[in-house]
Amino acid sequence: MNSSPPPPSPMPAQAPTRESRTTTLVDEDVPWIVLVWNDPINLMGYVVMVLQKLFGYSNTKATELMMDVHEKGRAVVANGTQADAERDVARLHEYGLWATMQKDN
Amino acid sequence: MSFSLRRRIRRTGKGVSIKIEEEERKLLGHLIPQLRDVLVGVGPTGDVDDGMRRLFPTAHPDDVENEAEFQGSHRDRLLAVRLDRLELVEATLSAELLTDAEHGAWITTVNDLRLVLGTRLDVGEEDDHDTVNPDDAASAAAATYHYLGHLLSELIEVVQHDEPDDPRFAPGLD
């Protein structure tokens, strides 16, 4: 596994269902990033469908992210508070994607 | 399988029409109880099922405490969600029309089957449709795995075709 995290993706377009993020300087709210990891099983079209469905990404953006996962091994698909990230990871797991979360340093 | 210009699984005014063969429905009927067994942990004792691990992955790979909390909060619900979807597919195995919820359950359950089978077969990125020897259990499993990929593509195409005038939703990504 690559020990240094990739730079986070630019903030994704707001999907209708997501609350807006508050920014604070409190340590507990250090932004977290959500990563999706490449695996040899999930179909590319399936990954695109899931990213569109869960995050409201356009087909273009979701395809870009999927290609990043496929070619670089992983991609940042979302960021936010720890609670936000855990909810996103849980939803990605429901769809069988291999997702993890970590602090965005 | 006969060649047809019309997709076997497609949205109609009455729901998602699914015209797959009887043998396919039978196959799914055999696979679903096996998936249920994996999910509820029935199987060879002492074995940690790789398929199970794949269905319930780590969220915090480098943080034991946070990981324990995460699994405590989410694992039971994830199991329940999978079992509910499984039930929905089982109940609609003979159906020719699916609601959106049922169609969604078919997509994720077929994918769950692929995850378990693919993990057991230890498939790689470049795995191809190798020659199938009908007497070879491993080949049969591989053939089933590839069939499920094909079925999943057909199920997903419905979603991709939901915006027929949107050029972004052109099929063929796979």
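Details of the structure are given in the entry above.
Residues numbered from 1 in each chain as written. Chains lettered and ligands numbered in written order. Predicted model: local features only at pLDDT ≥ 70, side-chain atom pairs only at ≥ 80, totals over all residues. Heavy atoms only, no water.

**Re the overall build of chain B**
Consideration 1: When its secondary structure is counted, chain B shows five helices and three strands.
Consideration 2: For chain B, the sequential pattern of α-helices and β-strands runs β-β-α-α-α-β-α-α.
Consideration 3: Looking at the 174 residues of chain B, the share that counts as buried comes to 41%.
Consideration 4: Carbon and sulfur atoms provide 51% of the accessible area of chain B, an area that totals close to 10000 Å². (Helix = DSSP H or I, 4+ residues; strand = E, 2+ residues; numbered from the N terminus. Buried < 20%, exposed > 50% of the residue type's maximum accessible area, 1.4 Å probe, protein only. Areas by Shrake-Rupley, 256 points an atom, 1.4 Å probe, with all protein chains shown as cover.)

**Describing the overall build of chain A**
Consideration 1: Within chain A one finds three helices and three strands.
Consideration 2: Going from the N terminus to the C terminus, chain A shows its helices and strands as β-α-α-β-α-β.
Consideration 3: Looking at chain A as a whole, 50% of its 105 residues are labelled buried.
Consideration 4: For chain A, restricting intrachain contacts to residue pairs at least 6 apart in sequence, the fraction spanning at least 24 positions comes to 75%.
Consideration 5: Here chain A has roughly 5100 Å² of accessible surface; of this, 55% comes from carbon and sulfur atoms. (Contact = heavy atoms within 4.5 Å.)

**Some remarks on the sheet that holds strand S1 (residues 32-37) of chain A**
Within a sheet, each strand pairs with its neighbour through backbone hydrogen bonds, oriented either parallel or antiparallel.
Residue and element names in this part refer to chain A.
Consideration 1: Taken in spatial order, the three strands make up an open sheet running S2-S1-S3, and their pairing is antiparallel. Looking at strand neighbours, the two that pair on one side only are strand S2 (74-80) and strand S3 (99-103), the edges of this open sheet. Recorded for the sheet is a direction-independent mean angle of 30 degrees between the axes of neighbouring strands.
Consideration 2: With five bridges joining them, S1 and S3 adopt antiparallel strand pairing. Across the sheet, residue Ile 33 finds its bridge partner in S3, namely Gln 102. (Pairing = 2+ DSSP bridges. Axes fitted to C-alpha atoms, helices over the stretch in contact; angles between N-to-C directions.)

**What to know about the environment of B:Thr58**
Consideration 1: Note on placement: B:Thr58 falls in the loop between helix H2 (50-55) and helix H3 (64-91).
Consideration 2: Residues B:Thr58 and B:Phe70, 12 residues apart in the sequence, show an inter-C-alpha distance of 8.9 Å.
Consideration 3: Beyond its immediate chain neighbours, meaning those up to four positions away, B:Thr58 contacts A:His93, A:Ala99, A:Thr100, B:Glu67 and B:Gln71.

**Focus on the sheet that holds strand S1 (residues 9-12) of chain B**
Consideration 1: Strand order across the open sheet formed by three strands is S1-S2-S3 (chain B), with antiparallel pairing between neighbours. At either end of the open sheet lies a strand with only one pairing partner, and these are S1 and strand S3 (97-98) of chain B.

**Quick word on helix H1 (residues 44-55) of chain A**
Consideration 1: Between its terminal C-alpha atoms H1(A) stretches 17 Å, which fits the 16 Å expected from 12 residues at 1.5 Å a residue.
Consideration 2: Of all 12 residues in H1(A), 10 are buried, a share of seventy percent or more.
Consideration 3: Within H1(A), burial applies to A:Gly45, A:Tyr46, A:Val47, A:Val48, A:Met49, A:Val50, A:Leu51, A:Gln52, A:Leu54 and A:Phe55.
Consideration 4: Contacts made by the buried residues of H1(A) are with helix H2 (59-72), S2 and helix H3 (82-94) of chain A together with helix H4 (100-121) and helix H5 (137-160) of chain B.
Consideration 5: A positive phi of about 70 degrees marks A:Gly56, the residue just after H1(A). (Expected span 1.5 Å × (residues − 1).)

**Regarding H3(B)**
Consideration 1: With 28 residues, H3(B) extends 39 Å from end C-alpha to end C-alpha; this agrees with the ideal 40 Å at 1.5 Å per step.
Consideration 2: Within H3(B), burial applies to B:Asn66, B:Glu67, B:Phe70, B:Gln71, B:His74, B:Leu78, B:Arg82, B:Arg85, B:Leu86 and B:Val89.
Consideration 3: Of the surrounding elements, those touching the buried residues of H3(B) are S1 and H3 of chain A together with helix H1 (22-39), H2 and H4 of chain B.

**Remarks on the packing of H1(A) against H2(A)**
Two quantities define a packed helix pair, namely the angle between the helix axes and the distance between the axes.
Residue and element names in this part refer to chain A.
Consideration 1: Closest axis-to-axis distance for the H1/H2 pair is 9 Å, and the angle between their directions is 130 degrees. Relative to H2, the element H1 lies oblique. Viewed along their axes, H1 and H2 form a crossing whose handedness is right-handed. Two secondary-structure elements touch here, H1 through Met 44, Val 47, Val 48, Leu 51 and Gln 52 and H2 through Asn 59, Ala 62, Thr 63, Leu 65, Met 66, Met 67 and His 70.
Consideration 2: For the contact of H1 with H2, the residue count by class is eight nonpolar, four polar and no charged. (Parallel < 35°, antiparallel > 145°, perpendicular 65-115°, else oblique. Left-handed = near helix turned anticlockwise from the far one by under 90°. Nonpolar A, V, L, I, M, F, W, Y, C, P; charged D, E, K, R; others polar.)

**Brief notes about unusual backbone geometry**
Residue and element names in this part refer to chain B.
Consideration 1: Of note in the backbone geometry, Asp 122 takes a positive phi value of approximately 55 degrees without being a glycine.
Consideration 2: Considering the arrangement of structural elements, one finds Asp 122 in the loop between H4 and H5.
Consideration 3: Classification of Asp 122 as exposed rests on a relative accessible area of 63%.

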